[in-house]
Amino acid sequence: MRSGAGVGAALAAARGERGMSVAEVSAGTRIRVTLIQQMENEDFTGCGGPVYARGHIRSIARILMLDPEPLIAEYDQTHGRPPEGPVLPPRGFDPLTTKGGPGRQGFRRGPATVISLLSVCLLVGLAILLAPSGSGRSTDVVPGAATTTVTPSLPAGTMPAQPAVSTRPPTAPAAGVSVLVAVRGDPSWLEVRDESARVLLQQILQPGDSRTVTAARSMEIKMGNAGAVDVSCNGRNLGPSGGPGQVVTVRLGIGASGDCTVGNPTSR
């Protein structure tokens with residue numbers, strides 16, 4: 001973080017260096033465009049409190065490849081207080097475990113306990129006396145006697161239903177562009193659109209994450225950290241499309257022979 005720069009100014013400067021718009025940061029963090037603009041102007045009142053403000057700062061810093069801890073410390077110093085530990089409620093008098101002290105009387109449970117036990121015993125005895133004797137079939141189990149389990153039988157000529165087995169052959173995958181993006185080393189923000197500019201993927205992927213996206217004819221992939229992203233198109237490994245921290249846009253399509261074609265990548 002630059003010396004003397006506020007949190008909002010540092011985020012705005014890093015966003016400009018990355019060549020990202022406020023809308024792109026909003027899409028990658030799920031934070032409203034207007035709220036990001038307020039934060040870049042040092043206005044954190046719309047965050048809903050210090051806890052949410054710290055979370056927003058952390059999310060924006062990650063997509064801009066910044067260390068969030070100095071920004072959080074600067075925010076705590078200028079806009080809020082560091083988070084405090086949980087406040088435990090004072091230990092009160094527990095009548096079940098604490099004996100009566102000076103000026104207090106212990107919990108008197110003698111008469112109440114006896115009455116409760118007598119009530120329970122009376123109810124159990126009545127339930128045993130009033131229980132039906134059954135319809136002539138004994139349910140007693142004689143020690144050492146073999147027990148037999150009776151299962152209901154179906155009427156004659158009736159067979160149990162069998163699960164239906166589909167004879168339809170599996171549907172073959174449609175021809176088109178199938179792309180696998182895998183992130184290694186450092187996180188990267190990705191945006192993938194198909195030939196109609198429809199968004200197929202818009203997410204920050206962490207190291208070890210991978211996603212598969214498909215399109216009918218072509219797609220455009222924008223990477224916020226191209227050096228950390230490996231791209232494979234229709235089984236062909238294209239490798240990284242740029243250097244670490246470089247914002248690169250790659251266009252992929254299907255050639256006349258059916259192979260995956262790669263357009264010239266553009267970077268900022």
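All residue numbers refer to positions counted from 1 along the written sequence of the respective chain. Reporting of local features is limited, given that this is a predicted model, to residues whose pLDDT is at least 70; pairs of side-chain atoms are given and counted only at 80 or more, and all residues count toward the totals for whole chains, interfaces and linings. Excluding hydrogens and water, the side-chain values take into account all heavy atoms of the structure.

Right, let's talk about the nonpolar core for a bit. Residues belong to a common nonpolar core when they are buried Ala, Val, Leu, Ile, Met, Phe, Trp, Tyr or Cys residues joined through side-chain atoms within 4.5 Å. The buried label goes to any residue with under 20% of its type's maximum accessible area, the exposed label to any with over 50%, and the partly exposed label to all in between, with areas taken from a 1.4 Å probe on protein chains only. Within the largest apolar cluster, 23 residues are counted, with the highest numbers of intra-cluster contacts made by Phe44, Ile57 and Ile60. Those elements that place two or more of their residues in this core are helix 1 (7–18), helix 2 (22–29), helix 3 (33–40), helix 4 (50–63) and helix 5 (68–78). The greatest single-element share of this core, amounting to 5 residues, is contributed by helix 4. Whether two residues are in contact is decided by their heavy atoms, any of which lying within 4.5 Å being enough. Ignoring any residue separated from it by four or fewer positions in sequence, one finds Ile57 in contact with Val7, Met39, Phe44, Leu71, Ile72 and Tyr75. One finds Val192, Ala215, Cys233 and Cys260 within the second-largest nonpolar core, a separate group that totals 21 residues. Helical segments are the DSSP runs of H or I of at least four residues, strand segments are the runs of E of at least two, and each set is numbered from the N terminus.

Below, the discussion takes up the environment of Leu201. You can see Leu201 is positioned in strand 3 (residues 199–205). C-alpha separation for the pair Leu201 and Arg211, spaced 10 residues apart in sequence, amounts to 8.6 Å. Excluding its chain neighbours within four sequence positions, the residues that come into contact with Leu201 are Val181, Leu190, Glu191, Val192, Arg211 and Val213.

With that settled, the discussion passes to the packing of aromatic side chains. Note on aromatic pairs: each is described by the distance of the centres and the angle between the planes. Between 30 and 60 degrees the pair is tilted, below 30 it is stacked and above 60 it is edge-to-face, where a pair is any two Phe, Tyr or Trp rings, Trp via its six-membered ring, whose centres lie within 6.5 Å. As enumerated under the stated definition, the model contains 1 aromatic pair in all. Ring centres 5.2 Å apart and planes at 65° place the aromatic pair Phe44 and Tyr75 in the edge-to-face group. Taken as a pair, Phe44 in the loop between helix 3 and helix 4 and Tyr75 in helix 5 lie far apart in primary sequence, 31 residues in all. Across the pair, exposure class does not vary: Phe44 and Tyr75 are buried alike.

Ordered in space as 4-1-6-7, the 4 strands form an open sheet in which the pairing is antiparallel. The sheet is open, and its two edges are formed by strand 4 (210–215) and strand 7 (236–239), each paired on a single side. Within this sheet the neighbouring strands show an average axis-to-axis angle of 20°, counted without direction. Pairing of strand 1 (residues 177–183) with strand 6 (residues 229–233), which is carried by 5 bridges, proceeds in the antiparallel orientation. Of the residues in strand 6, the one forming a bridge with Val181 is Val231. Any two strands with at least two DSSP bridges between them are considered paired. A fitted line through C-alpha atoms represents every axis, and for helices the fit uses only the stretch in contact; the resulting angles, taken between N-to-C directions, go from 0 to 180 degrees.

Between its first and last C-alpha, helix 4 extends 20 Å over 14 residues, near the 20 Å set by a 1.5 Å rise per residue. Looking at helix 4, one finds that the buried residues are Ala53, Arg54, His56, Ile57, Ile60, Ala61 and Ile63. If you follow the buried residues of helix 4, they end up packed against helix 1, helix 2, helix 3, helix 5, strand 2 (188–194) and strand 3. Following helix 4 by one or two positions, Met65 has its phi on the positive side, about 60°. Multiplying 1.5 Å by the residue count of a helix minus one yields the expected span of that helix.

Sulfur atoms of two cysteines make up a disulfide when they are within 2.5 Å. Scanning the entire structure with this criterion turns up 1 disulfide. Across the disulfide, Cys233 is cross-linked to Cys260 (sulfur-sulfur distance 1.8 Å). Handedness here is read from the sign of the S-S torsion; for Cys233 and Cys260, about 95°, the answer is right-handed. Taken together, the residues span a long stretch of sequence, with Cys233 in strand 6 and Cys260 in strand 9 (residues 260–262) at a distance of 27 residues. As far as burial versus exposure is concerned, Cys233 and Cys260 are alike and both buried.

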